[in-house]
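The lines below spell out each chain.
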Amino acid sequence: DKGGYRHFMAKEIAEQSTVLGAAVKYYLSNREGQHTLETGLDFSGIDRVVMVACGTASLACFTAKYWFEQIAKLPVEVDIASEFRYREPPVSDRTLALFVSQSGETADTLAALRYCAGKVGKIVSIVNVAESSIARESDVVLPILAGPEIGVASTKAFTCQLMVLAALTLQAARQREVLDGAALAEHVDQLMRVPGQVADAMTCEPQVQAISAQLAQYKDAIFLGRGAMYPLALEGALKLKEISYIHAEGYASGELKHGPIALIDKDMPVVVLTPADNMFDKTVSNMEEVRARGGKIVMVSDAAGINKAGDGSWQTVAMPRVDGPFAPIVYAVAVQLLAYHTAVEKGTDVDQPRNLAKSVTVE
Ligand code: F6R
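Figured I'd write up the structure that's included with this text. If you're wondering where the values come from, they're calculated on a predicted model, not measured in any experiment.

**Side note on the pattern of salt bridges**
Opposite charge on two side chains lets them pair, provided their charged atoms get close.
Point 1. Under the criterion given, the structure shown has 19 salt bridges.
Point 2. Residue K358 is joined to E149 by a salt bridge in which the shortest nitrogen-to-oxygen separation is 2.6 Å. With K358 in the segment after α13 (327-346) and E149 in the loop between β7 (140-143) and α7 (156-176), this residue pair connects regions lying 209 residues apart in the sequence.
Point 3. The class for K358 is partly exposed, based on a relative accessible area of 27%.
Point 4. One connected set of salt bridges, linked through shared partners, spans R48, E77, D79 and R87.

**What to know about helix α10 (residues 229-244)**
Point 1. For α10, which comprises 16 residues, the first-to-last C-alpha distance of 22 Å matches the rise-based estimate of 22 Å (1.5 Å per residue) to within 8%.
Point 2. Judged by how many residues are buried, α10 sits mostly within the fold: 12 of 16 residues are covered.
Point 3. Of all the positions in α10, only M229, P231, L232, A233, E235, G236, A237, K239, L240, E242, I243 and S244 are classed as buried.
Point 4. Following α10 by one or two positions, Y245 adopts a phi angle in the positive range, close to 65 degrees.

**Looking at the pairing of strand β8 (residues 220-225)**
Successive side chains on a regular strand alternate, one facing one side of the sheet and the next facing the other.
Point 1. Of all 6 residues in β8, 5 are buried, a share of seventy percent or more.
Point 2. Sheet topology note: the β8/strand β9 (residues 247-252) ladder contains 6 bridges and is parallel. Bridged to G225 within β9 is A252.
Point 3. Where the polypeptide runs from β8 across α10 and back to β9, its parallel neighbour, the crossover connection is right-handed.
Point 4. Both β8 and strand β10 (residues 269-273) contribute to a ladder of 4 bridges, which runs parallel. In the strand pairing of β10, F223 is matched with V271.

Rules and cut-offs
Residues numbered from 1 in each chain as written. Predicted model: local features only at pLDDT ≥ 70, side-chain atom pairs only at ≥ 80, totals over all residues. Heavy atoms only, no water. Salt bridge = Lys/Arg side-chain N within 4 Å of Asp/Glu carboxyl O. Helix = DSSP H or I, 4+ residues; strand = E, 2+ residues; numbered from the N terminus. Buried < 20%, exposed > 50% of the residue type's maximum accessible area, 1.4 Å probe, protein only. Expected span 1.5 Å × (residues − 1). Pairing = 2+ DSSP bridges. Right-handed = clockwise from strand over helix to strand, strands pointing away.

Spelled out as structure tokens, the structure:
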């Protein structure tokens, strides 16, 4: 049931605020004013986290690497399952191995999990389908509580994966005693504000729809982001290519001048994901480089960022102000809507894009 929406993807994008609200309640239950994470996991004997997944789920892991390393001071290695499983990477009983999969049936992710079984301290999975193979073979299963995701392009599963990974980061930080109580409480507050900010972010839809009408005329697009917005740039490019069939690449903003800038001309839209945070000025200087070469900038930022950058952008998308590290969950809405409306504009089969399957059970 599409619930009145034209596509499952539109419904699933719109549902995110609600399902994220449920996930945050589930994982951060409030006992005696203390927000504690209900996972039963213990990070105190762990010195490394290995995260393994495919596609969009691997980009949720890549985003979480920034959180785990900055907030919980825990080294994280992220790998795509098809590479991890054949490389025979060394793991130990002090390694926590984390597998992220919406379906819980992805063949390469399951094979990577089986490679780790018996070699690592704990096998943890973050899944949507609770009765899946990956869930069954894990020591600890963390459900993302997104509800059924029908659209082939992952949207609400991605943001719910991020929510669980963020909550897990805070638990790791608490158990490892790397943050003082006030800093931890601030991050808990920031995470609890995310579902409301995701609802606010949806108000960009008419603006994004107008931009998509233009974007649909182009053959290529580049997405740029810095820090935890870099994995979201990769996700924005993946989403756009899989449903609109426009060739798109994501890059770290700082990598632009190391090659991709050669692609910039008047036919290249460049979507820049940049909240007005401590790295904003650096990204603005990357935007100047794009503009100087005729590239068409779609700036996704908050009011302060859009104001500061002046009017050199071709298009702007306004996001709510998000303090702290969890902005990628909120900005995900912008890249999802951009892909969705561009695909609708092009008339592609949004929920069932060509050549793709919802669950990839062969390698
Ligand atoms: C992209 C997409 C895929 C999946 C990938 C992993 O929108 O949906 O990249 O994320 O095939 O699938 P799961 O999460 O089921 O293991």
